[in-house]
Amino acid sequence: MKFDSLLQQVPLMLALTIMWLIALFVIFWAMVGYPISLVILNKIFKRETKKDCAYEPTVTVMVVAHNEEKVIEQKLQNLLEVDYPQEKIEFLVASDFSTDKTNDIVESFIAKHPERKIRIHKTVNHYGKTNAQNEAQELCNTEILVMTDANAIFESCAVKELVSYFTDSSIAYVSGQLRYMNTEGSDTANSEGFYWKLDLMCRNIESKLQTITAGNGAIYAVRNEYYVKVSPIECHDSSFPFIFALEKKKSLYNPNAIAYEKAGEVNEDEFKRKVRMNRDILTGICPKMRVFNVFSYHWFTYFYFGHRTCRYLLWLMHLLVLAINIPLAIWGGIPWLVLLGLQILFYLIALIGWVTKSGNRLTRTVFYYCMTVMAQWKGVINIITGKSKPVWEKAESTR
């Protein structure tokens, strides 16, 4: 009877093992396999992106702000110092129902600089960044829109670099490089800086081969004629490159268009930021099935699966790898027990990092990674419970 019982378990064991291996592969591919594959592809194809430094279209730089009285004047002063012909550039602050002194500061700044083209648009409701951009875009008639955040500081050549990548009409969107200024002063910011550098490396290679899968909200540009009004719950960072790719248009990454920002210096702020980034995570896994038609979208299909789909599935894959490992450890003996023990040890290290706030590199890295996965879980729960909103509280340690 015992032998018969074991035979009956074989199909179930095999099915669970296959599921476990698939889940493990998704985790591995998202964090290790995909970046390595891009490095190999970059060495094989060795492509470079063309740029046209003589191209100087009319530009509107739009700053979205909600209660940014701490940084908005510094931001506006920074924008006046960008290296671009004054007659071809204007500035628009999209104030998302600011209730502090933000609007007063902007209006005072406009009065002090009558020689520059600076405007403010005030939304009548607090519907979030994307809604404010959608409203303010209707006021713009320049060729290029440059979007930026109130706490992001541009290098003087940032605008010139962004527009230089619009070398033909197939290029709809260009993202710049965001650099974190405080990665040495905080363990949390240091960990974010490490993951961010890995992400930028992937974008750089994707851009050279075809098109990126996502941009950055702190510094990017889009052709005004191609601007698409998306739902306020979405963000342009991730939606624009996807939309344009399906239209056979390109979204590129220019590492020389640089903005500086502070990363979250405390875990609570960084966690909130990551939850906000995951407010539409379920849609991001597979926005439309046709994106996986490699014959139509070529490299973008490969990029999206590795850089987006697999990343957005980490929350579920980690649960499956742990949950499936338990029955396999009961039925499969020592190898599966060892694998279960390693997983438990991994999460214990993260717990130690959270409780002790240890500066140990291993502990810090494991904790930060687990915090990223937990932020995905929080994002999923918010979506399911209807708590996912297009508005959020800014991280004070980033100001």
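In this text, all values refer to a predicted model and were calculated from it rather than measured experimentally.

Asker: Is there a simple way to think about the overall build of the protein in this case?
Answerer: What the protein contains, in helices and strands, is 14 helices and 8 strands. Relative to the 2.2 N^0.38 estimate, which gives 21 Å for 399 residues, the radius of gyration of the protein is 23 Å and therefore close to what a compact globule would have. Dimensions of the protein, computed from C-alpha atoms along their principal axes, come out at roughly 90 × 45 × 35 Å. Expressed as a percentage of its 399 residues, the buried residues of the protein come to 52%. In the protein, once contacts between residues fewer than 6 apart in sequence are set aside, the share between residues at least 24 apart is 82%.

Asker: Quick question: what am I supposed to make of the pairing of strand β6 (residues 171-180) here?
Answerer: Successive side chains on a regular strand alternate, one facing one side of the sheet and the next facing the other. Among the 10 residues that make up β6, 9 are buried, leaving the element largely enclosed by the rest of the structure. Looking at chain direction, β6 and strand β8 (residues 250-261) are connected through 8 bridges and run parallel. Across the sheet, residue Ser175 finds its bridge partner in β8, namely Tyr253.

Asker: Is there a simple way to think about the side chain of Arg116 in this case?
Answerer: Along the polypeptide, Arg116 turns up in the loop between α3 (102-112) and β3 (118-122). Reaching out from Arg116, the side chain makes a polar contact with the backbone oxygen of Leu80 at a distance of 3.4 Å.

Asker: What am I meant to see in the pattern of salt bridges here?
Answerer: Where charged atoms from two side chains of opposite charge come close, those side chains can pair. Evaluated as defined, the whole model comprises 12 salt bridges. The shortest N-O distance in the salt bridge between Asp149 and Lys129 comes to 2.7 Å. Taken together, the positions of Asp149 in strand β4 (residues 144-149) and Lys129 in helix α4 (residues 129-137) put the pair 20 residues apart, joining distant regions of the chain. Residues Asp199 and Arg203 are paired through a salt bridge, measuring 2.9 Å at the closest nitrogen-oxygen approach. Separated by 4 residues within a single helix, Asp199 and Arg203 lie in helix α6 (residues 187-209), roughly one turn from each other. Here the two residues Asp199 and Arg203 agree in accessibility, since each one is buried. The network of salt bridges with shared partners includes Asp199, Arg203 and Arg311.

Asker: Even after reading the chapter, I still don't get a nonpolar patch on the surface, so can you show me in this structure?
Answerer: Together, Ile334, Leu337, Val338, Leu339, Leu342, Ile344, Leu345, Leu348, Leu351, Trp354 and Val355 make up a nonpolar patch on the protein surface, roughly 1,100 Å² of accessible area in all. Looking at the element boundaries, Leu342 is found in helix α13 (residues 334-356).

Cut-offs and rules
- Residues numbered from 1 in each chain as written.
- Predicted model: local features only at pLDDT ≥ 70, side-chain atom pairs only at ≥ 80, totals over all residues.
- Heavy atoms only, no water.
- Helix = DSSP H or I, 4+ residues; strand = E, 2+ residues; numbered from the N terminus.
- Rg over C-alpha atoms; globule rule 2.2 N^0.38 Å.
- Buried < 20%, exposed > 50% of the residue type's maximum accessible area, 1.4 Å probe, protein only.
- Contact = heavy atoms within 4.5 Å.
- Pairing = 2+ DSSP bridges.
- Polar contact = N/O pair within 3.5 Å; in protein donor to acceptor, adjacent residues only side chain to side chain.
- Salt bridge = Lys/Arg side-chain N within 4 Å of Asp/Glu carboxyl O.
- Patch = residues over 30% accessible without salt bridge, like charges linked within 9 Å, V, L, I, M, F, W, Y side chains within 5 Å.
- Areas by Shrake-Rupley, 256 points an atom, 1.4 Å probe, with all protein chains shown as cover.

Take it as geometry only, folks, not as evidence of what the structure does.
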